[in-house]
Amino acid sequence: MTNALPDPIARRLPPLAELPVPLLPLQPILYRIVRRVAEKHPELFERLGKHQRTNFVIELTDLPLALHLRPFPPSLILRAVRKDRLPRHEAHIAGDFRTLLGLLDAEVDGDAIFFSRDLVISGDTEAVVTLRNALDDVEGSIAEDVAEMFGAPGRIALDRLNAMAERAETQENSHDNW
Amino acid sequence: MITGDIVGELVCPAGTPASLRTAVDAGADSIYCGFQNATNARNFPGLNFTPKELAGAVDYAHERGANVLLALNSYPPAGKFDLWREAADLGNELDVDAFIVADMAVARYISEKHPERRIHLSVQAAAASPDAINYYVREFGVKRVVLPRILTIPEIHDIKSEISAEIETFIFGNHGLMVEGRCSLTNYATGLSTNMDGVCSPAHLVEYVKDADENMSTRLGGYTIDRFGPQENAGYPTICKGRYCNEVQPDGYYAFEEPISLNLSKLLPDLMEAGVTAFKIEGRQRSRAYVRKVVSAFRAAVDDIRAGREPQLADLVALTEGQKQTEGAYKTKKWR
């Protein structure tokens, strides 16, 4: 595994998912992201049909936050929330960052990661299936589109997020190996 | 245009326009898909094509020499036949290359109203004998039959010797057998019909519940149909793949089928030898990632066989249900 932390350091650090993170600075960025996706991919929202009004919580199991998504174009919501203070929601999706990023960009098969239990869903299954199918019809990389809208800092941020997720995976493996 | 002259025609699934383009680009000879309604057996939320999307998809496929097959393979309930009639007329207008049908009345309508269009008999019709197949050929001009997944390769060979229609067999994907086109298990638990509403285990009645020990229960219409341990691979939420308890097996057992996928990659030469014209990949409900990987793998394998080379097959087990695969009844009549 690349970027593995030396064992003593890895033992001292708490898992990344447990670190406190300030959410407020993330909110305007997330809102810009969902607005951009809505402008660029209106067909995604058409395919969602009645589930445009569903509240989804997307829990990033290896990062210290969850996302609240309500993909209703007239009043879009995408915001970071604390895992211990989830908002009212009808559908819940959980997976690690890289798995969910792969799903977002149709790089991984939703059924396969469900079979392997890397993706865990609960609540309104129809809403989750509809969201999965709608995202799968979007060609190109949503993650890269989003990174691109912030220019060089966006691309760096995407790289860092990937690196963070990889670090979290490494840490988890390190803890598992005790 | 489908001529039936190609041996090993690769027939691939598409649940969305993007999937169809992925399948074409990955080397599919034909792609099957459906409208966003009960006229097809994958009437799932967020899936399938609007008429406008299908028009664009047909253009994309035809420009690249691929065919589009429109699945009208569910059974019209009383009083609702117009939906199937309109779908057939629309498919004809959009220049699809063939209709995949199960119901005799739908086949009759297409054969009379659009006689220039090919009719393929869906696996949902469950025609598994030469007499049954020949009846469809004689009465409705059926050009191809998709055989149920309950026949051995020698049986397929024998059937071929007695029919004039082309044969299409499944080679990869879901292995839900039962009696195809006749299964009422979903109907029994939910009141909705796989065969008439196009929904096997409708998603709005499926629920996944995790307990404190990380076990996950699958519920359909309020009935628990399986429970997976924390490290256990899961399967589709269908009654036929569920585990059930009784006095003899209190921990639960697979009463019908196990979560497992069909993979006939090693049997492709034998199927060709038996007279199979077309190879079908299941999975209109699956993602573009699945379509890309599976279609590419089988494209390469079929091309290798045609060129007289030993086929090099990619490992597709990660995409299988329960991460397990089988050659099912094609290999042996008793496949459990």
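In this text the structure is predicted, and so the values were computed from the model without any measurement.

**As for the overall build of chain B**
Next, step 1: On a plain count of helices and strands, chain B comes out with 11 helices and 15 strands.
Next, step 2: The C-alpha extent of chain B, read off along each of the three principal axes, is 60 × 50 × 40 Å.
Next, step 3: A total of 336 residues make up chain B; the buried ones form 52% of that total.
Next, step 4: Counting contacts in chain B only where the partners sit at least 6 residues apart, residues at least 24 apart contribute 63% of the total.

**Re the sheet that holds strand 10 (residues 223–228) of chain B**
All names here are of chain B.
Next, step 1: Taken together, three strands build an open sheet; the order of strands is 8-9-10 and the sheet is antiparallel. On the outer flanks of this sheet lie strand 8 (206–210) and strand 10, each paired with one strand and no other. The sheet shows a mean angle of 25° between the axes of neighbouring strands, direction not considered.
Next, step 2: By the bridge criterion, five bridges tie strand 9 (residues 216–220) to strand 10 in an arrangement that is antiparallel. Note that in strand 10 the partner of T218 across the bridge is D226.

**Side note on the interface of chain B and chain A**
Next, step 1: Contact with chain B, which involves 28 residues of that partner, is made by 25 residues of chain A.
Next, step 2: Sorting the residues of the side of chain B that touches chain A by element identifies helix 1 (17–26), strand 8 and helix 10 (288–306) of chain B as the ones contributing at least two each.
Next, step 3: Here the side of chain B that touches chain A gets five residues from one element, more than from any other, and that element is strand 8 of chain B.
Next, step 4: Classifying every residue of the side of chain B that touches chain A gives 14 nonpolar, nine polar and five charged.

**A word on helix 6 (residues 153–160) of chain B**
Residue and element names in this part refer to chain B.
Next, step 1: Within helix 6, burial applies to I156, I159 and K160. Seen along its axis, helix 6 keeps its buried residues to an arc of 100°; they face one direction.
Next, step 2: In this structure, the buried residues of helix 6 make contact with helix 5 (130–140) and strand 7 (166–174).

**Quick look at the pairing of strand 3 (residues 67–72) of chain B**
Residues and elements named next belong to chain B.
Next, step 1: The buried count for strand 3 comes to six of six residues, which makes it a mostly enclosed element.
Next, step 2: Where burial is concerned, the two faces of strand 3 agree: the one with N67, L69 and A71 and the one with V68, L70 and L72 are both buried.
Next, step 3: When strand 2 (residues 30–33) meets strand 3, the two strands line up parallel, connected through four bridges. Paired with S30 across the strands is N67, a residue of strand 3.
Next, step 4: In this fold, strand 2 hands off to helix 2 (residues 51–63), which returns the chain to strand 3; that crossover is right-handed.
Next, step 5: As defined by bridge partners, strand 3 adjoins strand 4 (residues 98–101) across four bridges and the pair is classed as parallel. Each bridged residue has a counterpart across the sheet, and for L70 the counterpart in strand 4 is F99.

**With respect to the domain arrangement of chain B**
Residues and elements named next belong to chain B.
Next, step 1: Parsing chain B into structural domains produces domain 1 (9–175 + 260–331) and domain 2 (185–254).
Next, step 2: Centre-to-centre separation of domain 1 and domain 2, based on C-alpha positions: 27 Å.
Next, step 3: Opposite the 14 residues of domain 1 that make contact, domain 2 presents 10 residues.
Next, step 4: Residue composition of the side of domain 1 that touches domain 2, by class: six nonpolar, six polar and two charged.

**Things to note about the sheet that holds strand 1 (residues 56–60) of chain A**
All names here are of chain A.
Next, step 1: Spatial ordering of the open sheet is given by 3-2-1-4-5, a layout of five strands whose pairing is mixed. Unpaired on one side and paired on the other, strand 3 (77–81) and strand 5 (120–123) mark the two borders of the sheet. The mean angle between the axes of side-by-side strands here comes to 20°, regardless of whether they run parallel or antiparallel.
Next, step 2: Pairing of strand 4 (residues 91–95) with strand 5 involves four bridges; the strand directions are antiparallel. If you follow I93 over to strand 5, its bridge partner there is I121.

**Examining the packing of helix 2 (residues 26–40) of chain A against helix 7 (residues 142–149) of chain A**
Residue and element names in this part refer to chain A.
Next, step 1: Put simply, helix 2 and helix 7 touch, their axes get as near as 10 Å, and they point 115° apart. In terms of crossing hand, the pair formed by helix 2 and helix 7 is right-handed. On helix 7, the residues touching I33, R36, V37 and K40 of helix 2 are I142, D145, V146 and M149.
Next, step 2: Of the residues in the contact of helix 2 with helix 7, the class split is five nonpolar, no polar and three charged.

**Observations concerning unusual backbone geometry**
Next, step 1: With phi around 55°, A126(B) is a residue other than glycine that occupies positive phi space.
Next, step 2: For A126(B), the position within the fold is in the loop between strand 5 (118–121) and helix 5.

**Describing helix 2 of chain B**
Residue and element names in this part refer to chain B.
Next, step 1: Helix length check: helix 2, at 13 residues, gives a terminal C-alpha distance of 18 Å against a target of 18 Å (1.5 Å per residue), a fit within 8%.
Next, step 2: Among the residues of helix 2, E53, L54, A57, V58 and A61 are the ones counted as buried. End-on, the buried residues of helix 2 take up no more than an arc of 135°, which puts them together on one face. The outward face of helix 2, more than 90 degrees from its buried face, is lined by the exposed residues K52 and E63.
Next, step 3: Among the structural elements, helix 1, strand 2 and strand 3 are those in contact with the buried residues of helix 2.

**Re the packing of helix 1 of chain B against helix 2 of chain B**
Residues and elements named next belong to chain B.
Next, step 1: Packing of helix 1 against helix 2 brings their axes to within 10 Å, and their N-to-C directions diverge by 10°. In terms of orientation, helix 1 lies roughly parallel with respect to helix 2. Of the residues in helix 2, those touching helix 1 at P17, L20, R21 and V24 are E53, G56, A57, Y60 and A61.
Next, step 2: Partitioned by chemical class, the residues of the contact of helix 1 with helix 2 number six nonpolar, one polar and two charged.

**Re the nonpolar core**
All names here are of chain B.
Next, step 1: Among the nonpolar cores identified, the biggest contains 130 residues, and I31 and F298 are the most heavily contacted of them.
Next, step 2: Looking at which domains feed residues into this core, each of domain 1 (9–175 + 260–331) and domain 2 (185–254) gives three or more.
Next, step 3: Those residues in contact with F298 that lie beyond four places of it in its chain are L10, I171, F172, F279 and I281.

**Digging into the confidence of the model for chain B**
Next, step 1: Mean pLDDT for chain B: 93, with 99% of residues reaching 70 or above.
Next, step 2: Model confidence for the complex: the whole-complex pTM is 0.89, and ipTM, which rates the interface, is 0.90.

Calculation rules
- Residues numbered from 1 in each chain as written.
- Chains lettered and ligands numbered in written order.
- Predicted model: local features only at pLDDT ≥ 70, side-chain atom pairs only at ≥ 80, totals over all residues.
- Helix = DSSP H or I, 4+ residues; strand = E, 2+ residues; numbered from the N terminus.
- Buried ≥ 20, exposed ≤ 12 C-beta atoms within 10 Å, placed from the backbone.
- Contact = placed C-beta atoms within 7 Å.
- Pairing = 2+ DSSP bridges.
- Axes fitted to C-alpha atoms, helices over the stretch in contact; angles between N-to-C directions.
- Nonpolar A, V, L, I, M, F, W, Y, C, P; charged D, E, K, R; others polar.
- Arc of directions from axis to C-beta.
- Right-handed = clockwise from strand over helix to strand, strands pointing away.
- Domains from an automatic or database assignment.
- Left-handed = near helix turned anticlockwise from the far one by under 90°.
- Expected span 1.5 Å × (residues − 1).
- Parallel < 35°, antiparallel > 145°, perpendicular 65-115°, else oblique.
- Core = buried A, V, L, I, M, F, W, Y, C linked by C-beta atoms within 7 Å.
- pLDDT = per-residue confidence, 0-100.

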